[in-house]
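Chains, contacts and geometry: an overview
The primary structure of each chain is shown beneath.
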Amino acid sequence: MPVAPSAAQLAALAALIEPGALTTDPSDLATYGRDWTKVHEPRPSAVLFPKQTEEVSKILAYCNANDIAVVPSGGRTGLAAGAVATRGEVVLSLARMTHMGDVDLLGQTVRVQAGAITEAVHRHCEPHGLTWPVDFASKGSSQVGGNIATNAGGVKVIRYGLTRHWVLGLQVVLADGTVLELNGALEKNNTGADLRQLFIGSEGTLGIVTEATLKLARIPARLDVLLFAVEGLAGVLALFAEARKGPFALSAFEFFTDKCLARVQKHRGLRAPFDSDSYTHYVLVEAEGDGADDSELETWLGSLFERSIVLDGTMAQNAAQRRSLWELRESISESLSGTGFPHKNDIALPVASLDAFCAELDGVFAARYPGWDICVFGHIGDGNLHVNVMKPDAMDKAAFLAKTSEADATMFELVRKHHGSVSAEHGIGLLKKKALPYSRSPSELATLSALKRALDPKGILNPGKIFDPL
Ligand code: ZN
């Protein structure tokens, strides 16, 4: 099993990169040894900041030859402890690999290094009327390489799909230092199995992404953002059916409950969106239009009220109002952590099964968590629910975790029964590893392990994430 490096090995690693690009400073170790999860104690040996792929290759070749464990690290915004170093590993941070090439206007692509920040890529492409349509609340910190390694989801998946749909080419460094260039900038390339897809979503366990050619989309001419209050989950799903048929391309369909809104208002001091505070279920709709005509949208809206599909609603009239409505939704995650201790789950169900699943889940929660604060929100158009059980203030953390762990097992059984997934977009990391067999069959897990042994026979890459340490 790979181990922590000795002082002499750290000196040898430092010699492979620029002076000052290796740190053992305790505050750096604490910062770069973890992601946004707060469950594990970070304990890396060192943090390395290469600037070029060649340096990454040399670092991995050395670590592989010397059995040193490596944790690849991006913007560290993950919620599954996929970038946490708990056992003396060296952290390989891509934070200094931020170069972005010129936008290819004809091909609508851009080649970037893995450490480029998601929002910086958006800004880089925006003057050309183009965007990389991977979008979520942590875009100001998350990095392209991390998005690819975790196949990040977010708020636009209903329109654009997951990160894997927007990656044309990948440069990946294997555990032994081999550099692979996969697919270049090709849209069409039917020359056998697509190795690129193997690395997307594998959380740095099979190789480290160092560069990527990203596929871009046109920025829509018009974006409307609307917020509705509806009656229960049935109301959310009824509105979804209408939104699917609406006179626009649906680019987000997000839902949250009154309990989430209360936390956001407490944490951020934001105003309530409607006069009444008796609503329980809210939906944010984002609609892409061609900018030609808004009368169709008004007719659609009118019919929602006439038929009582919605209880209340508002449409943003300008960019500032659009941002305010989005803020209600995008502040939820930080507001839950800011006002308490959430136990988070990120599950996916077929949309058609959501109603039945949630009815059963309510029964489980009522028995397991009587009177507790449970905050549910998510990308409901994709069948993706973020289920957050808040620790009761008086309860001890260990007792809380024991209780949620029991209830998780029951919830995951329900997820399996309804053919869902135990991780919709956050990934597996250390946090959801025990849950993996609820969504992947023993034969699938054996196939994945065979791939891991083939690509990383010594098990130096991100040990303990997804797979047991080799
Ligand atoms: Zn999400």
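Keep in mind it's a predicted model, so treat the numbers as computed, not measured. (Residues numbered from 1 in each chain as written. Predicted model: local features only at pLDDT ≥ 70, side-chain atom pairs only at ≥ 80, totals over all residues. Heavy atoms only, no water.)

Regarding the coordination of the zinc ion
By definition of the ideal shapes, a tetrahedral metal site with four donors has angles of 109.5 degrees and an octahedral site with six donors has angles of 90 or 180 degrees. Rules: Only nitrogen, oxygen and sulfur atoms count as donors, using a 2.8 Å cut-off from the metal that widens to 3.2 Å for Na, K and Ca. Water is left out, so coordination shells may look unfilled.
Distances from the zinc ion to its protein donors, H379 (NE2), H386 (NE2) and E425 (OE), fall within 1.8 to 2.2 Å. Between the donor residues of the zinc ion, the gaps in sequence give the motif H-x6-H-x38-E.

Side note on empty space enclosed by the protein
What counts here: A pocket, in this scheme, is an open set of points on a 1 Å grid over the protein atoms alone with protein on both sides within 12 Å along at least 5 of 7 lines, while a cavity is a set where a 1.4 Å probe fits but cannot get out; residues line either one if an atom lies within 4 Å of a point. Grid points are joined across faces, edges and corners, and a volume is the space filled by probe spheres set on the points. Gly falls in the polar group here, along with every residue not listed as nonpolar (Ala, Val, Leu, Ile, Met, Phe, Trp, Tyr, Cys, Pro) or charged (Asp, Glu, Lys, Arg).
Enumeration according to the criterion identifies three cavities of 30 Å³ or more in this entry. Its volume calculated, the largest cavity comes out at about 60 Å³. In terms of residue class, the lining of the largest cavity is made up of three nonpolar, four polar and three charged. Within this model, the second largest cavity holds a volume of roughly 40 Å³. If you go around the second largest cavity, the residues you meet are P133, V134, D135, A152, G153, K156, V157, G161, L162 and T163. Residue composition of the lining of the second largest cavity, by class: five nonpolar, three polar and two charged.

Here we look at the sheet that holds strand 14 (residues 312-315)
To keep things clear, this is the line we draw: Strand pairing follows a simple DSSP-based rule, namely that at least 2 bridges must link the two strands. Strands are runs of DSSP state E lasting at least two residues, helices are runs of H or I lasting at least four, and both sets are numbered from the N terminus onward. Inter-axis angles, ranging from 0 to 180 degrees, are taken between N-to-C directions of lines fitted to C-alpha atoms, where helices are fitted over the stretch in contact. Two residues form a contact once any of their heavy atoms are found within 4.5 Å.
Taking strand neighbours across the sheet as the criterion, the seven strands line up as 14-11-13-12-16-17-15 in an open arrangement whose pairing is antiparallel. Sheet topology places strand 14 and strand 15 (342-348) at the edges, where each strand pairs with a single neighbour. Across this sheet, the average inter-strand angle for adjacent strands is 15°, counted without regard to direction. As defined by bridge partners, strand 11 (residues 222-230) adjoins strand 14 across four bridges and the pair is classed as antiparallel. The partner of A229 across the bridge, within strand 14, is D312. The strands touched by helix 9 (residues 258-268) within the sheet are strand 12 (249-257), strand 13 (281-289), strand 16 (374-379) and strand 17 (384-390), with strand 12 carrying the most contacts at an inclination of about 85°.

Focus: the pattern of salt bridges
Here is the rule we go by: Salt bridge, as used here, is a side-chain nitrogen of Lys or Arg placed within 4 Å of a carboxyl oxygen of Asp or Glu. We call a residue buried when its accessible area falls under 20% of the maximum for its residue type, exposed when it is over 50%, and partly exposed in between, using a 1.4 Å probe and counting protein chains only.
Under the counting rule described, the total for this entry stands at 24 salt bridges. Its salt-bridge partner being R159, residue E288 comes within 3.0 Å of it at the nearest N-O pair. On the criterion of sequence distance, the pair formed by E288 in strand 13 and R159 in helix 6 (residues 157-160) is long-range, its members being 129 residues apart. One salt bridge connects E242 with R307, and the closest N-O pair in it is separated by 2.9 Å. Taken together, the positions of E242 in helix 8 (residues 232-244) and R307 in the loop between helix 10 (295-306) and strand 14 put the pair 65 residues apart, joining distant regions of the chain. According to the relative accessible area criterion, E242 is buried, its value standing at 12%. On the basis of relative accessibility, which here comes to 42%, the residue R307 falls in the partly exposed class.

Just distances and angles here, no functional claims.
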